[in-house]
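Understanding the architecture of this molecule
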Amino acid sequence: IGVRLVGSEMCIRDRVETGPLFKGEWQMVATVLPEVPEYPAISELPYGTRLLAIYRGNRLMLPDKHDHLEAHDLCYFACPKDKAAELLSSLGHVPDPNAPVLIIGGGQVGGALARMFEQAGHTRAKIIETDLDRAKKLAEELTKTEVLHGQGLDTPLLEQIGVAGMRAVAFTTADDRTNLLGSALVQQLGAHHVIALVGDSQLFPLAESLGVQNLMCPQDVTVSQVLKHVRKCRVRQLFTLHDDAAE
C-alpha cells in the first residue's frame, strides 16, 4: 500500500470515514484521534493494520515506524474489513454510553424492542423502517424514539445518522440474510456493537464468514439481552485524501 502527496489544501472532518480496499477484503478508515492516555506504536497496530497517512496541524505526513500518534491527528488506516470497529476501539473511539441504540427493522420484533427501550427509560433508541405506513404508525406510537423511513442497507443514510457512534446496532428485520449482510456492513462502517436477529441456525456459518459474532433468536429479544451484547463488547485502488492532498 502506498501514498503519495499531490497537494496541500486540506480540511479536518471530525468523524470516521471508511472505504473498501483490495476488492472489499480490507477497509480504509479515516478518523480523528481522541484524547487518550496512550496510543499503540505505529509498528504495533493490531490486526496487521497499516497507517497510510497522518494530517497533523497543517502538515500531511507519510509516516514510518519512527513516527508516533498524537491526539487530534487525522489518520488514514488500512485494516481487514471485519476489524474496523476493533481498530477504532484500540485508538480510543468508545461509544458514548448515552448514545442511542439503532434498531433496523420496525416490524414485530424491532417495534417491540423499541417499546421496551421506552419503557425501560434509560436508553434512547432510533429505528429505521422501510415501509412508510409502518414507519408513520411507529412514529405515532413511540414518543421517545426517533423513527426514520429508509433502507437499513443505505450506506449514506447510515453514515448520516452516525452509525459508528451508536451504543449498539440491532438488525431486526424479518429476513435473516438481510440482518447478517446489514450487520457486516455497519461493522465495516465502524459500528462497535452489532446484533443480528437470526432465526435459522443453518445461517450461523454464514454469520461466521461475515464476521458477525452477536446473534439473537427472535424469542430472546429483550432490552437486557441487547445491552448484554453491548457490554461484551502496488496500487490496487485509488483514494484521494483530504481534497486531493494525497492519494
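Up top is the structure.
Residues numbered from 1 in each chain as written. Predicted model: local features only at pLDDT ≥ 70, side-chain atom pairs only at ≥ 80, totals over all residues. Heavy atoms only, no water.

**Things to note about the sheet that holds strand E6 (residues 101-104)**
The 6 strands lie next to each other as E8-E7-E6-E9-E10-E11, forming an open sheet whose pairing is parallel. Edge positions in the sheet fall to strand E8 (146-149) and strand E11 (215-216), since each has one partner strand and no second. Across 4 bridges, E6 lies against strand E7 (residues 125-129) in parallel orientation. Its bridge partner lying in E7, Val101 is registered against Ala125. In this fold helix H2 (residues 108-120) packs onto E6, E7, strand E9 (168-171) and strand E10 (194-197), with an angle of close to 160° to the strand it touches most, E6. (Pairing = 2+ DSSP bridges. Helix = DSSP H or I, 4+ residues; strand = E, 2+ residues; numbered from the N terminus. Contact = heavy atoms within 4.5 Å. Axes fitted to C-alpha atoms, helices over the stretch in contact; angles between N-to-C directions.)

**Digging into the pattern of salt bridges**
Per the counting criterion, the structure on display carries 5 salt bridges. Arg56 is paired through a salt bridge with Glu70; the nearest N and O atoms lie 3.6 Å apart. Taken together, the residues span a long stretch of sequence, with Arg56 in strand E3 (residues 50-56) and Glu70 in the loop between strand E4 (59-61) and strand E5 (74-80) at a distance of 14 residues. Glu70 gets classed as partly exposed once you look at its relative accessible area, which sits at 31%. Across the pair Asp73 and Arg56 runs a salt bridge whose closest N-O atoms are separated by 2.7 Å. Pair noted here: Asp73 is in the loop between E4 and E5 and Arg56 is in strand E3, with a separation of 17 residues, a long-range link. (Salt bridge = Lys/Arg side-chain N within 4 Å of Asp/Glu carboxyl O. Buried < 20%, exposed > 50% of the residue type's maximum accessible area, 1.4 Å probe, protein only.)

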